[in-house]
Amino acid sequence: MTIVYLDNNATTKVDPEVTEEMLPCFDKFYPNPSGTHSLGKQAREKIDLARQRVAQGLDCSPEEIVFTSCGTEGDNAAINAALNSRPEKNHVVTTKVEHPAVLNYCRLLEEKGYRITYLDVDTAGNLDTEQLKNSLTPDTAVVSIMYANNETGVVFPVSRIAEIVKEKGILFHTDAVQAVGKTRISMQELPADYLTLSGHKLHAPKGVGALFVRRNAPFSPFIIGGSQEYGRRGGTENTPFIVALGKAMELAVNNLEHEYQHILNLRDYMEDKLLQSIPEARINGDRCNRLPNTSSFAIKDVSGEDVVLKLDEHSICASAGAACKAGSMEPSPVLKAMGVPFHYAKGCLRFSLSRFTTANEIEFLLQKFPGIVEEMRK
Ligand SMILES: Cc1ncc(COP(=O)(O)O)c(C=O)c1O
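Residues numbered from 1 in each chain as written. Predicted model: local features only at pLDDT ≥ 70, side-chain atom pairs only at ≥ 80, totals over all residues. Heavy atoms only, no water.

The next subject is the packing of aromatic side chains. Throughout the structure, instances matching the rule amount to three aromatic pairs. Residues phenylalanine 297 and phenylalanine 351 carry aromatic rings whose centres are separated by 6.0 Å and whose planes lie at 70 degrees to one another, so their mutual orientation is edge-to-face. Taken together, the positions of phenylalanine 297 in strand β10 (residues 294-299) and phenylalanine 351 in strand β12 (residues 348-352) put the pair 54 residues apart, joining distant regions of the chain. Pair check on accessibility: phenylalanine 297 and phenylalanine 351 agree, each one buried. Relative to phenylalanine 369, the ring of phenylalanine 351 has its centre 5.3 Å away and its plane inclined at 80 degrees; by these criteria the two rings are edge-to-face. Here phenylalanine 351 is found in strand β12, whereas its partner phenylalanine 369 is found in helix α14 (residues 359-377), with 18 residues between them in sequence. A relative accessible area of 0% means that phenylalanine 351 is categorised as buried. The rings of Phe297, Phe351 and Phe369 are connected pair by pair, giving a single aromatic cluster. Over the aromatic face of phenylalanine 356 sits the side chain of lysine 13, whose NZ or CZ is 4.6 Å from the ring centroid. Its guanidinium or amino end placed over the ring of tyrosine 344, arginine 282 lies 4.6 Å from that ring's centre, counting from NZ or CZ. (Phe/Tyr/Trp six-rings, centres within 6.5 Å; stacked < 30°, edge-to-face > 60°. Helix = DSSP H or I, 4+ residues; strand = E, 2+ residues; numbered from the N terminus. Buried < 20%, exposed > 50% of the residue type's maximum accessible area, 1.4 Å probe, protein only. Lys NZ or Arg CZ within 6 Å of the ring centre and 35° of its normal.)

Here we take up the environment of valine 165. Relative to the helices and strands, valine 165 is located in helix α7 (residues 158-167). Relative accessible area serves as the criterion here: at 0%, valine 165 is assigned to the buried category. Between the C-alpha atom of valine 165 and that of aspartate 120, which follows or precedes it by 45 residues, the distance is 17 Å. Leave out the neighbours within four places in its chain, and valine 165 touches Leu132, Leu136, Val143, Ile170, Leu171 and Phe172. (Contact = heavy atoms within 4.5 Å.)

Below, the discussion takes up the site of the ligand. Taken together, 13 residues form the shell around the ligand, and within it Thr72, Asp175, Gln178, Ser198 and Lys201 come nearest. Between histidine 99 and the ligand, the recorded distance is 3.3 Å, taken from a side-chain N or O atom to an oxygen atom. Residue serine 198 places a side-chain N or O atom 2.6 Å away from an oxygen atom belonging to the ligand. The fraction of the free accessible surface of the ligand (390 Å²) that becomes covered by protein chains is 89%. Broken down by element, the shell around the ligand gets its largest block of residues, three residues, from helix α4 (residues 71-85). Here the shell around the ligand is composed, by residue class, of three nonpolar, seven polar and three charged. (Near = heavy atom within 4 Å. Polar contact = N/O pair within 3.5 Å; in protein donor to acceptor, adjacent residues only side chain to side chain. Areas by Shrake-Rupley, 256 points an atom, 1.4 Å probe, with all protein chains shown as cover. Nonpolar A, V, L, I, M, F, W, Y, C, P; charged D, E, K, R; others polar.)

Before going further, it helps to examine the sheet that holds β12. Judged by pairing direction, the sheet is antiparallel, and its three strands sit side by side in the order β9-β10-β12 without closing on themselves. Looking at which strands have only one partner, the edges of the open sheet turn out to be β9 (281-283) and β12. Going across the sheet, the axis of each strand differs from the next one's by a mean of 25 degrees, ignoring polarity. In the packing of helix α10 (residues 256-277) onto the sheet, the strands contacted are β9, β10 and β12, and the crossing angle to β10 comes to about 10 degrees. (Pairing = 2+ DSSP bridges. Axes fitted to C-alpha atoms, helices over the stretch in contact; angles between N-to-C directions.)

On to α4, then. Taking 1.5 Å of rise per residue, the 15 residues of α4 would be expected to cover 21 Å, and the 21 Å separating its terminal C-alpha atoms lies within 8% of that figure. Within α4, twelve of the 15 residues are buried, which leaves the element mostly enclosed by the surrounding structure. (Expected span 1.5 Å × (residues − 1).)

Burial of nonpolar side chains together is a common tendency in soluble globular proteins. Counting residues in each nonpolar core, the largest one holds 61 residues, and the members touching the most others are Leu58, Leu132, Ile185 and Leu195. The element best represented in this core is helix α9 (residues 239-254), accounting for seven residues. Split by domain, the residues of this core number at least three in each of domain 1 (4-12 + 255-377) and domain 2 (16-254). The residues contacting leucine 132, other than those within four sequence positions of it, are Val93, Leu119, Val143, Ile145, Ile161, Ile164 and Val165. (Core = buried A, V, L, I, M, F, W, Y, C linked by side-chain atoms within 4.5 Å. Domains from an automatic or database assignment.)

Turning our attention to the packing of helix α11 (residues 304-313) against α14. The N-to-C vectors of α11 and α14 enclose an angle of 135 degrees; their axes lie 10 Å apart at closest approach. Classified by the angle between their axes, α11 and α14 sit oblique to one another. By crossing handedness, the relation of α11 to α14 is classed as right-handed. Of the residues in α14, those touching α11 at Asp306, Val307, Lys310 and Leu311 are Leu365, Phe369, Ile372, Glu375 and Met376. (Parallel < 35°, antiparallel > 145°, perpendicular 65-115°, else oblique. Left-handed = near helix turned anticlockwise from the far one by under 90°.)

In C-alpha cells, the structure reads:
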C-alpha cells in the first residue's frame, strides 16, 4: 500500500535530485575540504557552490551564510552570539509559540539569570506588535521571533517586527525553519540580523542547516574548534549534506511560485471538504495568514493521538501537534497560548503537505478521515 505522507513539517523526503547531487561527495569528493591537495580543493568548490545557492535563495551574500548541523543549532547559536556581544544587557524577548529550540534555550538562559519576556499570541495565533514594542527596554539584547509556526503555519509579520526591533538598536533573530522553501524570503528586504533554516524541512537530509548572519552583525562561534566556516563554526564540514542543502535550496527557490500554488490548492480543498464533513471541527490559526502547506485541525471530543494511530492503520501519516510533542496528551504550548479550549486542543491534528503531495492522496485522506472521527466519537 502506498504511504500518504502528510507530516512534512516534521520532516520531508529527500528530493531525488538532491540525492543525486550529494552522492559523489561520498566516493569522489570525500577529502577534507580544508585539504590543500586538488581533491580537497574540489570538495571546497562544492561547498562554495552550495553557499552561493543558499545565499541566492535568501537574496543575501554567500559570506553571510554559516553552515550548521540543524535548525536547533542555528537558533541556539544566533541567540548565544547576540548575548555574547551585549554582555551588559540581560533581557531577551521571544514568544510563547516558538519551537523548543528557542523556548528551551530561553528557559536555560532564565536559569542563568537572564530575564525573558514570552509574548502572547491571540486566538488566531497572531502577534500584537504593540505588545512587542512595549516589551523592549534599554536592557533588551536580542529578540527572537519565528517566521512561521511549525504547528499552525501562522506567519508572523517578521519584516515589521524586525523594523520595530532594529529601530531600538536591538539585535533580531528569526527562526525561519518552517518558512524557507515555502515562501519567498529576501534578506535585502527583511532587516533581521540572524535567520535560521534547516535542510530537512526543504527536501535535504536531516543533520544540516544554515544560519544567515548579516555582514555587520556581531557573531561568536557556538561550536568552538577549528577555523572552518571562516572561523564561525568549528568542525570538519559535512560536504555531502551541505551540497544537498545547496541543491535543495536551488530547487525550492526555482520552483517556489508553481509549488506554492499547487500545495495551497490541495490544502484549501482538503480543509474545505473536511470542515464540511466533520461536525465540530475547526482550523487552528489565521486562515489567510498561513504557510500554504500547513493545516492544524481541532476536532472536538476525540484524542488527536488516537486519530493519528487510526490514520496510520490506513498508511496515512499525520501528527498530533508538533513532532517533538507526540506521545503527550497535554495540549502543546502553541495551542495553550492560542487559548484553544481543552475539548478541542486534545483533538488537534496537523496535516502538512509538500511538493510531492498528490490530489489522489488528498482524496484518499478525505475518504478515510471523516469515518475515523465518527467511529471514535461513538
Ligand atoms: C520552527 C522550527 N524551529 C526549529 C526546528 C528545529 O530544527 P532541526 O530539527 O533541524 O533541529 C524545527 C523542527 O521541527 C522547527 O519546526
